[in-house]
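If you want the building blocks of each chain, they are given just below.
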Amino acid sequence: MTMDAPTGLLYLLSVGKEKELILRVHGTMPAVERLIGWMEEGTVVSLQISHEGEPGTFTYVVNFKHVVAARFAPYATARISSF
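Here we summarise the structure given alongside this text. Everything numeric here is computed off the predicted structure, so don't read it as measured data.

### Some points on the nonpolar core
Piece 1. Formed by Leu10, Leu12, Leu23, Val25, Leu35, Trp38, Val45, Leu47, Ile49, Val62, Phe64 and Val67, the largest nonpolar core amounts to 12 residues.
Piece 2. Within the residue set of this core, elements represented by two or more residues are strand S1 (8-14), strand S2 (21-26), helix H1 (32-41) and strand S3 (44-50).
Piece 3. Beyond its immediate sequence surroundings of up to four residues, Val67 is in contact with Leu12, Leu13, Ser14, Met39 and Val62.

This is how it looks when you write it as C-alpha cells:
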C-alpha cells in the first residue's frame, strides 16, 4: 500500500458495458504501446489503484481480453466524470 498521489487515470470500456470504468492508477503508467499489446494479446494485468477518500492502494486485476477501448488521462483532484 502507498500513500503517494495517483499518477494517472485509466479509463476502460469492457465488452457489453455502456460506461467506462475509471481507475486511479498508482506507480508508473504503462505506455500506450504496452496497453495496445495487452489488448491484442488478452493479457491479465495487476494494477495498483485507489478509491477516493480511502487510505492506501490495492491490487486490481484486469483481463484486457475483455477491454474494447482504453484511454489515459492525467490525474486531477477535480471531479471525475464518465461519458
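Moving on from the model shown.
### Comments concerning the pairing of S3
Piece 1. The sheet contact formed by S2 and S3 spans 3 bridges and is antiparallel. Looking at S3, one finds that His26 is bridged to Gln48.
Piece 2. Sheet analysis places S3 next to strand S4 (residues 58-63), joined by 6 bridges and oriented antiparallel. Each residue of the ladder has a partner; that of Val45, found in S4, is Val62.

### Points about the environment of Ile22
Piece 1. Here Ile22 lies in strand S2.
Piece 2. Residues Ile22 and Leu10, 12 residues apart in the sequence, show an inter-C-alpha distance of 5.8 Å.

### Quick word on the sheet that holds strand S5 (residues 67-74)
Piece 1. Strand order in the open sheet made by the 5 strands is S4-S3-S2-S1-S5, with antiparallel pairing throughout. Whereas interior strands pair on both sides, the edge strands pair on one side only; in this sheet they are S4 and S5. For this sheet the average axis-to-axis angle between neighbouring strands, irrespective of direction, equals 40 degrees.
Piece 2. Sitting on the sheet, H1 is in contact with S1, S3 and S5, with an inclination near 160 degrees to S5.

### Section: H1
Piece 1. Of the positions making up H1, those classed as buried are Leu35, Gly37 and Trp38. One side of H1 carries all its buried residues, which in axial view fall inside an arc of 160 degrees. Structural note: H1 exposes Glu33 and Glu40 on the side pointing more than 90 degrees away from its buried face.
Piece 2. Contacts made by the buried residues of H1 are with S1, S3 and S5.
Piece 3. Once H1 ends, the next one or two residues include Gly42, with phi positive near 70 degrees.

Rules used in this analysis
- Residues numbered from 1 in each chain as written.
- Predicted model: local features only at pLDDT ≥ 70, side-chain atom pairs only at ≥ 80, totals over all residues.
- Heavy atoms only, no water.
- Core = buried A, V, L, I, M, F, W, Y, C linked by side-chain atoms within 4.5 Å.
- Buried < 20%, exposed > 50% of the residue type's maximum accessible area, 1.4 Å probe, protein only.
- Helix = DSSP H or I, 4+ residues; strand = E, 2+ residues; numbered from the N terminus.
- Contact = heavy atoms within 4.5 Å.
- Pairing = 2+ DSSP bridges.
- Axes fitted to C-alpha atoms, helices over the stretch in contact; angles between N-to-C directions.
- Arc of directions from axis to C-beta.

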